[in-house]
Amino acid sequence: MAPNRKIIFCLIVLLLSNFTVSAFARDIRFEVTVDKNKVSLNSTVSLNLTFYGTQSINRIDLPDIHGFNWRYFGPSLKMSIINGRATRSITHMYVLIPIEAGEFSVPPMSVYYNGRTYESNPIPITVVRGPVSAPAPGTKESYGSTVRDLGDKAFLVLEAGKKKAYVNEVIPVTVKLYVNKLAIKDIYPPMLAHRKFSIDEYEKPRQYKEILNGIPYDVIEFNTNAFGNRPGELTLGPAELKCSLLLRRKTRNRRHSSIFGDDDFFGPGAFDSFFGGGYEKYPLNLKSESVPVTVAELPIEFVPNDFTGALGNYQFYLEASPKEVKVGDPITLKLVIAGEGNFNTVKNPALRADGDFKIYDPDVKQDETGKVFEQVIIPKTVNVKEIPAVTFSFFDTSSGKYKSITRGPMPIKVNPLPKGEELIIFETPEGPAGAARAREIFGKDIIYIKDSPGLLKKRGAFLCRNKLFIALQFIPILCVIFTIVFQRRKERLERDIPYARRLAAPRKAGRNLKRARQFLSAGDSQQFFDAVFKTLQEYLGDKFHLPTAGITSNVVEALRGYNIDSGIIDSLKECFGNCDTARYAQSSITKEDMSRTLTLLEGVIDKLERAKI
Amino acid sequence: MKVRKYVISLFLILTFAAPAYCATKDTARLLILEGNARYSEEKFEEAIAEYEKVLSMGYESGPFYYNLGNAYFKHGELGRAILNYLRAARLMPQEADLKANLNYARSLVKNGRVTLGRNWYARLFFALADSFSLDSITFVFMILYFTLALLVILAITKTGPGKVYLYVNSALFAVLIISVSLFAIKYKKEILEKEAVCVVERSDSKFEPSIGGTTFFTLNEGEPITVTASKKDWVKIRRQDGKQGWIKRTDIDLL
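These figures come from a predicted structure and were not determined experimentally. (Residues numbered from 1 in each chain as written. Chains lettered and ligands numbered in written order. Predicted model: local features only at pLDDT ≥ 70, side-chain atom pairs only at ≥ 80, totals over all residues.)

Asker: Would you mind showing me how to read the overall build of chain B here?
Answerer: Counting its secondary structure elements, chain B contains eight helices and eight strands. Looking at chain B residue by residue over its 255 residues, the buried ones come to 32%. A sequence separation of at least 24 residues applies to 57% of the contacts in chain B between residues at least 6 apart. (Helix = DSSP H or I, 4+ residues; strand = E, 2+ residues; numbered from the N terminus. Buried ≥ 20, exposed ≤ 12 C-beta atoms within 10 Å, placed from the backbone. Contact = placed C-beta atoms within 7 Å.)

Laid out in structure tokens, this is it:
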């Protein structure tokens with residue numbers, strides 16, 4: 001905007017001031033902010049004039065703002081206490097109503113208060129006829145894709161401190177996260193694409209507020225240093241930052257106002273989270289633009305002999321103490337390199353002593369302002385008169401030239417050893433103390449392939465789907481069932497004698513019948529009928545739990561009480577009868593009689609086994 | 001006659017089928033070694049071609065999937081690299097190199113990993129399940145099951161001190177229940193459910209299986225998903241945070 005078009009208006013506020021007001025007046029700050037820079041014709045813009053450090057400034061009448069009508073909304077007073085320090089502010093709120101489309105500007109404003117003039121910057125505002133493009137509703141995932149998706153609400157800016165640098169020269173890198181009225185949590189340090197660059201770790205992030213084009217932003221700033229590894233037109237970035245965006249659930253259309261205003265940067269309060277949380281968390285991935293950086297190679301002309309790669313702008317100091325020693329006593333050399341530059345490239349300036357000294361490795365200390373090498377040297381002879389000069393060479397990145405700084409020689413006095421003593425210098429495998437190592441930066445990649453193909457098997461051939469394996473699983477169950485049945489039977493046989501005898505009856509009968517069959521084949525009728533009689537006695541005794549010796553044909557009648565079929569009783573009687581006949585009229589017994597008796601007996605036993613008694 | 005037929009059949013099987021089986025396995029092994037050679041020459045595309053032949057023969061092994069994942073990674077196909085690392089993780093879940101490569105590949109997935117929040121005990125249980133392959137859990141289950149059955153039999157026959165059996169059996173039963181639960185989780189995950197990985201750079205997940213459908217969310221290359229249904233050229237998928245949608249069948253590859 002041209003200066004002649006600047007509308008500057010002053011307000012002289014006449015207020016009765018007291019000590020408190022004047023005390024605050026010393027820290028007064030004036031800010032003009034808008035809620036958006038782009039607005040549609042049928043919408044409005046909120047304009048806030050905020051005075052920090054006082055609440056005594058009255059309403060200000062705005063001048064005519066080209067392209068807008070304005071309306072005063074009222075004041076808002078705020079008081080906050082941070083670290084025991086009270087801050088008060090007053091915000092005069094206005095609404096700007098666009099009246100035509102185009103590019104406009106809220107002019108810079110100037111306020112005179114308590115003898116001082118406070119000024120603001122101009123704020124550009126674009127008025128469009130149609131709706132202002134915004135993220136499509138419902139496509140929450142698109143929030144994370146690019147900067148444009150969230151418009152001016154949240155974005156990432158990558159800044160390089162230098163556009164041109166030499167190889168290994170420090171390039172300050174800043175990644176800034178700008179957030180305007182959004183709730184963001186779980187912010188991770190940004191990942192920086194840095195091919196052909198080495199990157200330091202991030203320092204502790206800074207947090208502050210910044211007004212950009214009139215819009216207030218909460219900013220988180222991550223700082224680090226980059227070093228170009230190779231010469232060329234390189235690209236640093238883009239930076240990517242992962243965080244979580246908290247959005248209110250759509251079912252809750254009520255937006256309760258917070259006593260801390262509508263600044264949601266730090267996310268919803270603990271109460272919301274505790275009582276079920278009115279928020280949903282979405283992953284958000286912000287990406288910045290990349291930054292071109294030209295990395296130049298160091299000049300190859302006029303390179304000092306003792307240049308070891310140090311880059312920056314340095315001062316070099318050399319100290320030695322004590323300066324009077326005996327042969328074999330240590331002298332501590334302190335080589336201090338201070339200034340600005342990449343201290344990782346600064347190495348210990350070499351001391352060339354030609355065998356006069358025993359020189360130990362230096363103890364290195366490094367901080368932001370310098371690098372200190374403490375080196376122990378021991379004079380070996382009394383002929384040593386001085387510590388030789390030490391030269392430190394570096395490439396001055398600001399002038400683009402090599403520079404060398406030489407310190408010394410430093411005179412010293414070396415006294416001989418007392419009589420009877422001899423010089424002993426102990427060799428140590430390492431330096432006198434652990435040398436500070438440059439911060440190691442690890443590369444990232446996948447681990448190499450395996451040489452062995454491993455145990456190949458058919459795809460999807462799982463053990464649990466193998467039919468033999470499945471069949472095997474039934475074996476333990478069957479074994480357990482069999483064991484239970486076997487154990488129960490065994491226990492009953494031991495406990496229940498009638499049951500044991502009944503169970504043993506057919507087995508014993510079978511053995512006796514076998515003997516009878518042998519006697520039948522031999523034609524020995526007496527033995528045969530004795531065997532038949534014994535079979536009947538033992539079988540019936542065991543089957544009905546009766547004393548075996550007392551079983552005769554007379555007992556058979558008593559078996560009717562066991563609910564036995566009368567045909568079986570008759571057959572049993574016939575068997576007993578045949579045995580009695582054979583005993584008393586043995587000569588009349590034929591082989592057919594014996595055979596018939598045996599068949600009858602087998603039939604009877606078979607029927608008794610089948611009968612449910 | 002019948003017996004003779006069986007003998008002849010068995011002889012033919014042993015003579016021809018078994019060597020053929022061994023021959024194909026040896027061929028697969030040679031193809032992997034050939035792929036390894038191409039990989040070491042940094043001819044990643046040729047290495048992938050050799051490895052894929054083994055896959056088409058129906059063979060697999062943990063180191064083979066690991067190498068295939070590496071080849072895809074070097075070839076710039078992050079999705080297929082993660083897919084094969086996950087396949088390898090099913091067969092050799094404790095492999096440290098594999099874990100490192102998988103974690104690194106996952107860290108390159110755009111927008112990070114979308115994961116479902118679980119309780120600490122659920123996380124512990126699932127982490128335990130992920131520490132074993134399905135076959136190793138099955139084997140452990142079988143050993144426990146057989147041991148428990150043997151001890152139960154001994155307890156029934158009362159051939160040892162009863163109380164000791166009771167304590168041992170109770171402990172063994174508890175371990176068996178845990179192993180059965182782990183087995184169930186692994187079985188569901190690896191056999192019943194169809195896990196997949198997005199293998200294209202971006203895939204829009206729609207509310208319905210059609211190109212004109214509204215996009216619900218977007219999958220990035222390398223994101224793991226579960227296939228729940230399919231319809232022609234579309235599959236219904238479930239993301240790890242439970243969100244479901246339809247994507248093109250060609251955008252994913254099953255584990």
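Asker: Can you help me understand the overall build of chain A in this one?
Answerer: In terms of regular secondary structure, chain A is built from nine helices and 33 strands. When the 613 residues of chain A are sorted by exposure, 24% land in the buried category. Relative to all contacts within chain A whose residues are 6 or more apart in sequence, the contacts with residues 24 or more apart total 72%.

Asker: Is there a simple way to explain the interface of chain A and chain B in this structure?
Answerer: Often, the extent of an interface is quoted as the loss of accessible area upon association of its parts. The interface of chain A with chain B comprises 29 residues on the first partner and 41 residues on the second. If one sorts the elements of the side of chain A that touches chain B by residue count, helix α4 (residues 474-495) of chain A sits on top with six residues. Class assignment of the residues belonging to the side of chain A that touches chain B gives a composition of 14 nonpolar, seven polar and eight charged. Two elements, strand β33 (residues 457-458) of chain A and strand β1 (residues 59-60) of chain B, share two bridges in a ladder whose sense is antiparallel. Counterpart to A:K457 in the pairing with β1(B) is B:E60. (Nonpolar A, V, L, I, M, F, W, Y, C, P; charged D, E, K, R; others polar. Pairing = 2+ DSSP bridges.)

Asker: How should the confidence of the model for chain B be read in this particular structure?
Answerer: Close inspection of predicted coordinates is inappropriate for parts of the model with low pLDDT. Residues at a pLDDT of 70 or more form 86% of chain B, whose mean pLDDT is 84. The ipTM assigned to the predicted complex is 0.78, against a pTM of 0.44. (pLDDT = per-residue confidence, 0-100.)

Asker: Mind showing me how you'd approach the pairing of strand β29 (residues 390-396) of chain A here?
Answerer: Taken residue by residue, a regular strand's side chains alternate between the two faces of the sheet. Residues and elements named next belong to chain A. Across the seven residues that make up β29, a large majority, five, are buried. The pairing of strand β22 (residues 307-321) with β29 spans two bridges and is parallel. Of the residues in β29, the one forming a bridge with L311 is F395. The pairing of β29 with strand β30 (residues 401-407) spans seven bridges and is antiparallel.

Asker: Looking at this structure, I do not really get the sheet that holds strand β6 (residues 102-106) of chain A. What am I missing?
Answerer: Strands pair in a sheet through their backbones, by hydrogen bonds, and they do so in one of two ways: parallel or antiparallel. Residue and element names in this part refer to chain A. The strand order β2-β9-β6 describes an open sheet built from three strands, whose pairing is mixed. Sheet topology places β2 (38-40) and β6 at the edges, where each strand pairs with a single neighbour. This sheet shows a mean twist of 30° between the axes of neighbouring strands, independent of strand direction. Sheet topology places β6 next to strand β9 (residues 123-128); five bridges connect them, and they run antiparallel. Looking at β9, one finds that E103 is bridged to T126. (Axes fitted to C-alpha atoms, helices over the stretch in contact; angles between N-to-C directions.)

Asker: Would you explain unusual backbone geometry in this entry?
Answerer: In most cases, non-glycine residues show a negative phi, while peptide bonds are predominantly trans. A cis amide bond links A:S321 to the next residue, A:P322, at an omega of -10°. Tracing the sequence through the fold places A:P322 in the loop between β22 and β23 (324-326). The backbone phi angle of B:E42 is positive, close to 65°, even though this residue is not glycine. Here B:E42 is to be found in the loop between α1 (2-40) and α2 (44-56). Judged by the 9 C-beta atoms lying within 10 Å of it, B:E42 falls in the exposed class.

Asker: What is the right way to read the sheet that holds strand β21 (residues 291-296) of chain A from this model?
Answerer: Residue and element names in this part refer to chain A. Ordered in space as β11-β21-β18, the three strands form an open sheet in which the pairing is mixed. This sheet does not close on itself; its edge strands, each paired only once, are β11 (164-166) and β18 (232-236). Each neighbouring strand pair of the sheet contributes to a mean axis angle of 35°, computed without reference to strand direction. Of the pairings in the sheet, the one linking β18 to β21 comprises five bridges and is antiparallel in character.

Asker: Can you help me understand the nonpolar core in this one?
Answerer: Proteins that are soluble and globular tend to have nonpolar side chains buried together. Counting residues in each nonpolar core, the largest one holds 54 residues, and the members touching the most others are A:L156, A:I171, A:L177, A:L286 and A:L333. Looking at this core, you find at least three residues from each of domain 2 (142-294) and domain 3 (309-415) of chain A. Not counting residues within four places of it along the chain, the set of residues in contact with A:L333 comprises A:L318, A:A320, A:L351, A:Q375, A:I377 and A:I387. The next biggest cluster of nonpolar side chains, apart from the first, holds 42 residues, and it includes B:A28, B:I48, B:L83 and B:M92. (Core = buried A, V, L, I, M, F, W, Y, C linked by C-beta atoms within 7 Å. Domains from an automatic or database assignment.)

Asker: Teacher, can you tell me more about the packing of helix α5 (residues 497-522) of chain A against helix α6 (residues 525-543) of chain A here?
Answerer: Helix packing for two helices is described by the angle between their axes and how far apart those axes are. All names here are of chain A. The N-to-C vectors of α5 and α6 enclose an angle of 175°; their axes lie 8 Å apart at closest approach. As far as their axial angle goes, α6 and α5 are roughly antiparallel. Contacts between α5 and α6 involve R501, R502, A504, A505, K508, A509, N512, L513, R515, A516, F519 and L520 from the first element and Q527, F528, A531, V532, K534, T535, E538, Y539, D542 and K543 from the second. Residue classes in the contact of α5 with α6 are distributed as eleven nonpolar, three polar and eight charged. (Parallel < 35°, antiparallel > 145°, perpendicular 65-115°, else oblique.)

Asker: So what exactly am I meant to see when it comes to helix α8 (residues 566-584) of chain A here?
Answerer: Along an α-helix, residues three or four positions apart point the same way, because every turn accommodates 3.6 residues. Residue and element names in this part refer to chain A. Spanning 19 residues, α8 covers 27 Å between terminal C-alpha atoms, matching the ideal 27 Å at 1.5 Å per step. If you check which residues of α8 are buried, you get L572, C575, F576, N578, C579 and A582. Taken down its axis, α8 places every buried residue within 150° of arc, on the same side. Projecting away from the buried face of α8 at angles above 90 degrees are the exposed residues S566, G567, D570, G577 and Y584. For α8, the secondary structure elements touched by its buried residues are α6, α7 (553-558) and α9 (591-610). (Expected span 1.5 Å × (residues − 1). Arc of directions from axis to C-beta.)

Asker: It is not clear to me how the packing of α6(A) against α9(A) should be interpreted in this structure. Could you clarify?
Answerer: All names here are of chain A. At a minimum axis separation of 11 Å, α6 and α9 run at an interaxial angle of 10°. Considering the angle they form, α6 stands roughly parallel to α9. Between α6, through S525, F528, V532, T535, L536, Y539 and K543, and α9, the contact on the second element is made entirely by M594, T597, L598, L601, I605 and L608. The residue makeup of the contact of α6 with α9, split by class, is nine nonpolar, three polar and one charged.

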